[in-house]
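Fold and geometry: a report
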Amino acid sequence: MRNFLFRLIGILEVAGGFYGVVNMARRLFPLGSTHESLVAVIGLVLYGFVLIAGVMLLEGSERGVSFSSWAQLLQLPLIATPILSYALHCGAFVNVYATLHLPVRLGLDWHVGSEGFLLAVAGPGLSRIGINLLALLSWLALRLR
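Read on for an overview of the structure.

A few words on the overall build of the protein chain. Counting its regular elements, the protein chain contains 4 helices and 4 strands. Mapped from its N terminus to its C terminus, the protein chain presents α and β elements in the order α-α-α-β-β-β-β-α. Here the C-alpha radius of gyration of the protein chain, 16 Å, is about what a compact globule of 145 residues would show, namely 15 Å. Residues counted as buried form 41% of the 145 residues belonging to the protein chain. Partitioning the contacts of the protein chain with sequence separation of at least 6, the portion at a separation of at least 24 is 69%.

Here it is, written out as structure tokens:
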């Protein structure tokens, strides 16, 4: 079971990481505004890290397990506030979130076969915070040694 879970996590990391690297490179070139370029470079580094972690995990490397744990932790938070927004997912996500306006509402959003990266100093008017349950479960599975 452990091998199956590690391979599944590795496949999602490699696929999402590769797709993310390609999208961030497309956002980076041609060079646009400094802000857009900076966000694209940060995204490129994050997706590159996830891609390398996935390859190392698929090879069965112990360092791959460690890197993949960090890659899953990077995908865990979902923050969308007027001050700061951050979200990252590679391969798939199952987000559980709550809106921070009255009445507080819970929501569930999921997708498979995708990547996404959001980093902004300003965000939406309707704040929400949440976690990526798939990243949390993957991180817990990687703790099985």
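The computed volume of the largest pocket comes to approximately 230 Å³. Listed by contribution, the elements that provide at least two residues to the lining of the largest pocket are β1 (77-80), β2 (85-99), β3 (106-120) and β4 (128-132). For the lining of the largest pocket, the leading source of residues is β2, giving 6 residues.

Let us look at the packing of aromatic side chains. In total, this model carries 3 aromatic pairs according to the counting rule given. Taking 5.6 Å as the distance between ring centres and 45° as the angle between the ring planes, the aromatic pair formed by Phe49 and Phe67 counts as tilted. You can see Phe49 sitting in helix α2 (residues 34-58) and its partner Phe67 sitting in helix α3 (residues 62-75), a full 18 residues away along the chain. For Phe67, a relative accessible area of 25% puts it in the partly exposed group. A connected cluster of aromatic rings, assembled from ring pairs, spans Tyr47, Tyr86 and Phe117. Over the face of the ring belonging to Tyr97 we find Arg128, whose NZ or CZ atom lies 4.2 Å from the ring centre.

Once that is clear, we can look at the packing of α2 against α3. Following both chains from N to C, one finds α2 and α3 inclined at 140°, their axes separated by 8 Å at the closest point. Taken together, the axes of α2 and α3 lie oblique to each other. Viewed along their axes, α2 and α3 form a crossing whose handedness is left-handed. Facing Leu46, Phe49, Val50, Ala53, Gly54, Met56 and Leu57 of α2, the residues of α3 in contact are Arg63, Gly64, Val65, Phe67, Ser68, Trp70, Ala71 and Leu74. In the contact of α2 with α3, the residues fall into 11 nonpolar, 3 polar and 1 charged.

Rules and cut-offs
Residues numbered from 1 in each chain as written. Predicted model: local features only at pLDDT ≥ 70, side-chain atom pairs only at ≥ 80, totals over all residues. Heavy atoms only, no water. Helix = DSSP H or I, 4+ residues; strand = E, 2+ residues; numbered from the N terminus. Rg over C-alpha atoms; globule rule 2.2 N^0.38 Å. Buried < 20%, exposed > 50% of the residue type's maximum accessible area, 1.4 Å probe, protein only. Contact = heavy atoms within 4.5 Å. 1 Å grid on protein atoms, 1.4 Å probe; cavity = no way out; pocket = protein on both sides within 12 Å on 5 of 7 lines; lining within 4 Å. Points joined across faces, edges and corners; volume = space filled by probe spheres on them. Phe/Tyr/Trp six-rings, centres within 6.5 Å; stacked < 30°, edge-to-face > 60°. Lys NZ or Arg CZ within 6 Å of the ring centre and 35° of its normal. Axes fitted to C-alpha atoms, helices over the stretch in contact; angles between N-to-C directions. Parallel < 35°, antiparallel > 145°, perpendicular 65-115°, else oblique. Left-handed = near helix turned anticlockwise from the far one by under 90°. Nonpolar A, V, L, I, M, F, W, Y, C, P; charged D, E, K, R; others polar.

The values reported here are purely geometric and, on their own, carry no functional implication.
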